[in-house]
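Chain residues, written in single-letter form:
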Amino acid sequence: KAVYIASLKALARERVKDWRKRFGEGLGLCVLELTGDVTPDMAALRRADIIITTPEKWDGVTRSWQKREYVRAVRVVIIDE
């Protein structure tokens, strides 16, 4: 599982749109948005191959990382300025 952290929600939305075409349609990967505006259910987070989020949302999610299987499954984190 990979996490892309965008500095702004607008940038996160752009990445979701672009990466769903590139990685979703092209490679069959599940790309998911996790921002203040969009909060998917736990099943969707577990299925996601790529999570695109904002720093604030990821900070909140990772504070209880021991209890969240989808956070423990992350192997790559990309932080965009």
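In this text, all values refer to a predicted model and were calculated from it rather than measured experimentally.

Our next topic: the nonpolar core. Grouped together as the largest cluster of nonpolar side chains are 13 residues, with contacts concentrated most on Val 3, Leu 34, Leu 45, Ile 51, Trp 58, Val 61 and Tyr 70. Those elements that provide at least two residues to this core are strand E1 (2–5), strand E2 (31–34), helix H2 (42–47), helix H3 (55–62) and helix H4 (69–72). If near-sequence neighbours (up to four positions away) are discounted, Trp 58 is found in contact with Val 3, Ile 5, Leu 34, Thr 53, Val 71 and Val 74. Formed by nine residues, the second largest nonpolar core is a distinct cluster that contains Ala 6, Trp 19, Val 31 and Ile 52.

A few words on the environment of Asp 49. Checked against the element boundaries, Asp 49 lands in the loop between H2 and strand E3 (50–53). Note on Asp 49: relative accessible area 30%, which makes it partly exposed. Taking C-alpha positions, Asp 49 is 19 Å from Leu 11, a pair spaced 38 residues apart along the chain. Those residues in contact with Asp 49, other than ones at most four positions away along the chain, are Lys 1, Ala 2, Gly 28, Leu 29 and Cys 30.

Our next topic: the pairing of E1. Across the two faces of E1 the burial is the same, with Ala 2 and Tyr 4 and Val 3 and Ile 5 all buried. Of the strand pairs in this sheet, E1 and strand E4 (residues 76–79) are connected by four bridges, and their pairing is parallel. Note that in E4 the partner of Val 3 across the bridge is Val 77.

Parameters at a glance
Residues numbered from 1 in each chain as written. Predicted model: local features only at pLDDT ≥ 70, side-chain atom pairs only at ≥ 80, totals over all residues. Heavy atoms only, no water. Core = buried A, V, L, I, M, F, W, Y, C linked by side-chain atoms within 4.5 Å. Buried < 20%, exposed > 50% of the residue type's maximum accessible area, 1.4 Å probe, protein only. Helix = DSSP H or I, 4+ residues; strand = E, 2+ residues; numbered from the N terminus. Contact = heavy atoms within 4.5 Å. Pairing = 2+ DSSP bridges.

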